[in-house]
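In case you want the letters, here they are:
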Amino acid sequence: MHIKWFNMSVNVRSRCSQVHHDMNAPLSHYFIYTGHNSYLTGNQLSSDCSDIPIIKALQIGVRVIELDMWPNSSKDDVDILHGRTLTAPVSLIKCLRSIKEYAFVASPYPVIITLEDHLTSDLQAKVAKMVIEVFGDILYYPKSKHRQEFPSPEALKGRVILSTKPPKEYLESKVGTMKDRDIGPQFSEGENEEAAWGREVPDIQDEMQSANKQEDDLLCTQRDVEEDDEQKMCQHHPLEYKHLITIKAGKPKGAIVDALKSDPEKVRRLSLSEQELAKVAACHGTRIVSFTHKNLLRIYPKGTRFNSSNYNPFLGWVHGAQMVAFNMQGHGRSLWLMHGFYRANGGCGYVKKPDFMMQTCPDGNVFDPEADLPVKKTLKVHGCVLSLSSPKFINKFATGCQVKVYMGDGWQSDFKQTHFDTYSPPDFYAKVGIAGVPSDSVMRKTRAVEDSWVPVWEEEFVFPLTVPEIALLRVEVHEYDVSEDDFGGQTVLPVSELRPGIRTVPLFDQKGLKFKSVKLLMRFEFV
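In this numbering scheme, every chain counts its residues from 1 along its sequence in written order. Side-chain atom pairs in this predicted model are given and counted only at pLDDT of 80 or more, local residue features only at pLDDT of at least 70, and totals for whole chains, interfaces and linings cover all residues. Water and hydrogen atoms play no part in the side-chain values, which are based on all heavy atoms of the structure.

**Some remarks on the pattern of salt bridges**
Side-chain pairs of opposite charge can arise where the charged atoms are in close proximity. As a reminder of what qualifies: Salt bridge, as used here: a side-chain nitrogen of Lys or Arg that lies within 4 Å of a carboxyl oxygen of Asp or Glu. For the purposes of this entry, the term helix denotes a DSSP run of H or I that reaches at least four residues, the term strand denotes a run of E that reaches at least two, and both are numbered from the N terminus. Here's how the labels work: a residue is buried when its accessible area is under 20% of the maximum for its type, exposed when over 50%, partly exposed in between, all with a 1.4 Å probe on protein chains only.
In this structure the tally under the stated criterion is nine salt bridges. Here glutamate 66 ties to arginine 298 by a salt bridge, and the two come within 3.0 Å at their closest N and O atoms. Remark: arginine 298 occurs in strand E10 (residues 296-300) and glutamate 66 occurs in strand E3 (residues 64-71); sequence separation between them is 232 residues. Using a relative accessible area of 1% as the deciding quantity, one classes glutamate 66 as buried. Taking the relative accessible area as the measure of exposure, arginine 298 reaches 1% and is therefore buried. For the salt bridge of glutamate 476 with arginine 333, the shortest nitrogen-to-oxygen distance reads 2.8 Å.

Here it is in structure tokens:
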């Protein structure tokens, strides 16, 4: 009976494979698929810089590309590289041309280029000329100096926009950037390139508690230069470059926590490292959520991630951060979550935030990621019941969901007969769980089915969860081994997008590439 379903065309798809979210709200209302150091081919210290990772990112739907601009060796042109490292540069013009060619192959919605600017004023003028010549009419830039709200993805369809701090004089760096100041010891004991993808996704509450215990008080750290000083330094800079910036990344003077104050007269983008966010979120989580109602918040990996690993993206998402920037050239469970999250809304790279994350109650309260939330929805994985809940902001009449895992197949076609065990068929087990807000995140596993290329599990688990709107269903398959278990596939699916019925669910490898044949037979029901 199970084999019959595998032969039918019932491949898993989201409830709508096309864009189905309202795309007419301001950009601050959306989670946006965001890359970090998008030009790097490997690690953060010595890998080559290239336009190839940029192309690959755009091909999977990434909408935010980061470029670090530095003067070339002769100081007469602009290179893209990770500053003060051994990374080999690539020219800015090559990156811009590739962005134009591939910007809209996966999604028609806007591409945002975030620029880290380390240039002199004459090179800034050269950048402005390059950008205008390469992008032409598809380049969008504001007519007014300040905006009280960002334009919508729909209004920016097919356009490219720039985001950076207002230009200031290029300084031979006596003081490092925030990226540099994050840098500490390279690796903890036992950490290496392979370990980066193999670890479980860290719990965000643990991350916040750890950050809060640090002796250095990031909440009181002075942020770059003061706004008044920036304005003074901008007086002699080319107007063409300054006017091309649609999303200004200004930072007010004072402590980080002061940067979370919204200005009713203008909107902006703020960037924080994962460590800074965890530190602020430990005490001021609701202030972060409130800030992201109108402004954009970008989170980037801490400086010690030299191997291009990533953090738990929910650290940013649960606090409303729109741009959770990831090293797309890396691998690992955190990146699997990122790819799975943006399978929602037709894979267009923009996922609308749940309404409750954008609301302010009459008493002034906003969504609190730390609050105890009532049970809302039940998700069952072959008797595996996941109770999903929400705060008072969320629709109380949402239905529940049941998921059944019947079996798996396809490994015999995609792997050599001796890949898992030399002398016997593999012993597969499945890990099933949810990624989401802290109270929701958990993983369970089935028993190992011995000596079978076509395992049948049919086990039951119960997962109490709280916010189904942003929850992700995680599935991994491993092969049991006495020494070290082998990897057999993984997938991550947005809970809110699951369609009811029996589905074949394709699995992906560690790099996120889909296997040709490996799949699971699952059933999704909403109750």
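**Here's the deal with the packing of aromatic side chains**
Threshold: Centres within 6.5 Å make a pair out of two Phe, Tyr or Trp rings, where for Trp the six-membered ring is used; the pair is then stacked when the planes are under 30 degrees apart, edge-to-face when over 60, and tilted otherwise. When the NZ atom of lysine or the CZ atom of arginine is within 6 Å of a ring's centre and also within 35 degrees of its normal, the charge is said to sit over that ring.
The full count for this structure, using the stated rule, is 17 aromatic pairs. Their ring planes at 40° and their centres at 5.6 Å tell us that tryptophan 336 and phenylalanine 487 sit as a pair that is tilted. Taken as a pair, tryptophan 336 in helix H12 (residues 333-341) and phenylalanine 487 in strand E20 (residues 486-494) lie far apart in primary sequence, 151 residues in all. Grouping aromatic residues by their ring pairs yields a cluster made of Phe31, Tyr33, Phe314, Trp317, Phe341 and Tyr342. Of note, arginine 343 hangs over the ring of phenylalanine 508, and the distance from its end group to the ring centre comes to 4.4 Å. Note that lysine 353 overlies the ring of phenylalanine 31, its terminal NZ or CZ placed 5.9 Å from the centroid.

**Overview of the confidence of the model for the chain**
Basically, it comes down to this: You can read pLDDT as the predictor saying how much it trusts each residue, on a scale of 0 to 100. The contact definition used throughout considers only heavy atoms, calling two residues in contact when any of these lie within 4.5 Å.
Looking at the chain as a whole, the pLDDT averages 83, with 78% of positions reaching at least 70. pLDDT under 50 marks residues 169-178. Its contacts with residues more than four places away, or in other chains, come to 17 contacts. Of the regions scoring below 50 in pLDDT, residues 180-197 engages in 34 contacts with residues more than four places distant in sequence or in other chains.

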